[in-house]
Structures are given as C-alpha cells and as structure tokens.
Amino acid sequence: MPPATAVKLAMVPAEVTVKMEPSNKILAPESTRAVLEKVDSKFGCVAGASSDFFPIYRKHRSTEMERLAQMDKDWDEKLESEAFQAKREAGMMHSAEATASKRAKRQRRKEAKKTGEQMRKEADGINKFAADGSFFEALKGKTEEELKEMLAKQPKPEAGVVQAPVVSAAKMSSASNMIIRDADD
C-alpha cells in the first residue's frame, strides 16, 4: 500500500490525509488473509560450498536486493512527499498571513477614514478664523459679547473628561511658583 501523508490545512482544524497514488488506479481486490514478507535465506554462507548451490544463492541474493531496493524507493518517496506537503503547508500559511495582514490594513484604513470624516464634521463651525496668521487681529476686533457667545457655542466637554485649569501669565510669574531647592535635600 503506497504511503499517505498527513497534511494540516490552514483553514481546516484537523489533518487531512493526501494519498500519493493515482485516483484512477485499478486496485486488486483486498484479501482478508495476512501477507507476510518472507525472507528465504536457508542456505546462508554455505552457498559457496560447491558450484551446484551458486544459482540458488544468486536467485536468493537478487530477490533480497530487489526487496532492499523497493524499501529504499518507498522511503525516498515518503521523504519526498513529506517535503512537498511541508512546502505546501508553509506556502498556505504564508498566504493566510499575507491575507490577514492586508485585511487588517484595509480595516485600519477604513476606520481612519471614518474617524477623519467624523473629526471634519465636528470641526465644522469651530474654527471660523482664516489660517493666514490674522487670528489675533480677528480676535481683537470682537466685542466682549461676541466672545462670550463664541464660548457658549463651543461644545461642552464630555463627562469624565478633566479639563485643565487655566493659568494666567501673572500666576505663572509669581514668586510662590518658584521654589529653589538645595542639592543637599
């Protein structure tokens, strides 16, 4: 019976056995009788005792050589099929990893696009000043009521978000903020 190789597929959890024989091969009917490999070497080293044993020795030797050659051929086929299946499995795993990586990249791009659109929608109306460096002049031209109205229109911070306290320049430069410590402490 030719060797079969177990294969792990990337998408299938269990192993799948791949037979190495042609699928259209005509099989002999299977027998329930046990088949034993018989090694007939009853003459052993006595074969050189006389010339009439030599044809018998030669026949047994050729039979044994054919058996050993078949064993070597089966072993080589098994190694070759295992190497092929390992290469095939590695290729499938590489392909699955590449597909997953590309899928993740597409998903990240899609999410970034959605986040960008949401941020653009939220930013509409917040910044009404031109980006030409005239922000301070535009702000100086506003009245106190307009400034209060602008502050009222700004969205309120979400619950749980801590807003940083406003620190004026006068507070920053006060002597209480500056502490000189000695290196000994």
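Please read all numbers here as calculations on a predicted model, not as lab measurements.

Rules and cut-offs
- Residues numbered from 1 in each chain as written.
- Predicted model: local features only at pLDDT ≥ 70, side-chain atom pairs only at ≥ 80, totals over all residues.
- Heavy atoms only, no water.
- Helix = DSSP H or I, 4+ residues; strand = E, 2+ residues; numbered from the N terminus.
- Buried < 20%, exposed > 50% of the residue type's maximum accessible area, 1.4 Å probe, protein only.
- Contact = heavy atoms within 4.5 Å.
- Areas by Shrake-Rupley, 256 points an atom, 1.4 Å probe, with all protein chains shown as cover.
- Patch = residues over 30% accessible without salt bridge, like charges linked within 9 Å, V, L, I, M, F, W, Y side chains within 5 Å.
- Salt bridge = Lys/Arg side-chain N within 4 Å of Asp/Glu carboxyl O.
- Lys, Arg positive; Asp, Glu negative; His and termini not counted.
- Charge placed at Lys NZ, Arg CZ, Asp CG, Glu CD.
- Expected span 1.5 Å × (residues − 1).
- Polar contact = N/O pair within 3.5 Å; in protein donor to acceptor, adjacent residues only side chain to side chain.
- pLDDT = per-residue confidence, 0-100.

1. A few points about the overall build of the protein
Then step 1. Check the secondary structure of the protein and you find four helices and two strands.
Then step 2. Ordered by position from N to C terminus, the α and β elements of the protein give β-β-α-α-α-α.
Then step 3. The burial tally for the protein puts 4% of its 185 residues in the buried class.
Then step 4. Across the protein, every contact between residues at least 6 apart in sequence was considered, and the portion connecting residues at least 24 apart equals 35%.
Then step 5. Carbon and sulfur atoms provide 57% of the accessible area of the protein, an area that totals close to 17400 Å².

2. Brief notes about a positive patch on the surface
Then step 1. On the surface, Lys102, Arg103, Lys105, Arg106, Arg108 and Arg109 cluster together to form a positively charged patch.
Then step 2. Along the chain, the position of Arg106 falls in helix α1 (residues 54-123).

3. Remarks on α1
Then step 1. Helix length check: α1 (70 residues) gives 102 Å between terminal C-alpha atoms against 104 Å at 1.5 Å per residue, within 8%.
Then step 2. Along α1, the residues classified as buried are Ser81, Gln85 and Gly116.

4. Side note on the pattern of salt bridges
Then step 1. Scanning the entire structure with this criterion turns up three salt bridges.
Then step 2. In this structure, Glu82 and Lys78 form a salt bridge, with 4.0 Å as the shortest nitrogen-oxygen distance. Here the residue Glu82 and the residue Lys78 both occupy positions in helix α1, the gap between them amounting to four residues, near one helical turn.
Then step 3. Owing to a relative accessible area of 37%, Glu82 belongs among the partly exposed residues under this scheme.

5. Some remarks on a negative patch on the surface
Then step 1. On the surface, a cluster of negative charge is made up of Asp72, Asp74, Asp76, Glu77 and Glu80.
Then step 2. Structurally, Asp74 is set in helix α1.
Then step 3. Residue Asp74 is classed as partly exposed on the basis of its relative accessible area, which comes to 35%.

6. Section: the side chain of Gln85
Then step 1. Relative to the helices and strands, Gln85 resides in helix α1.
Then step 2. Only 3.0 Å separates the side chain of Gln85 from the side chain of Arg88, close enough to count as a polar contact.

7. Some remarks on the confidence of the model for the protein
Then step 1. Here the protein shows a mean pLDDT of 78. Residues at 70 or above account for 77%.
Then step 2. Taken element by element, the protein is modelled with least confidence in strand β1 (residues 4-8), mean pLDDT 56, and with most confidence in α1, mean pLDDT 92.

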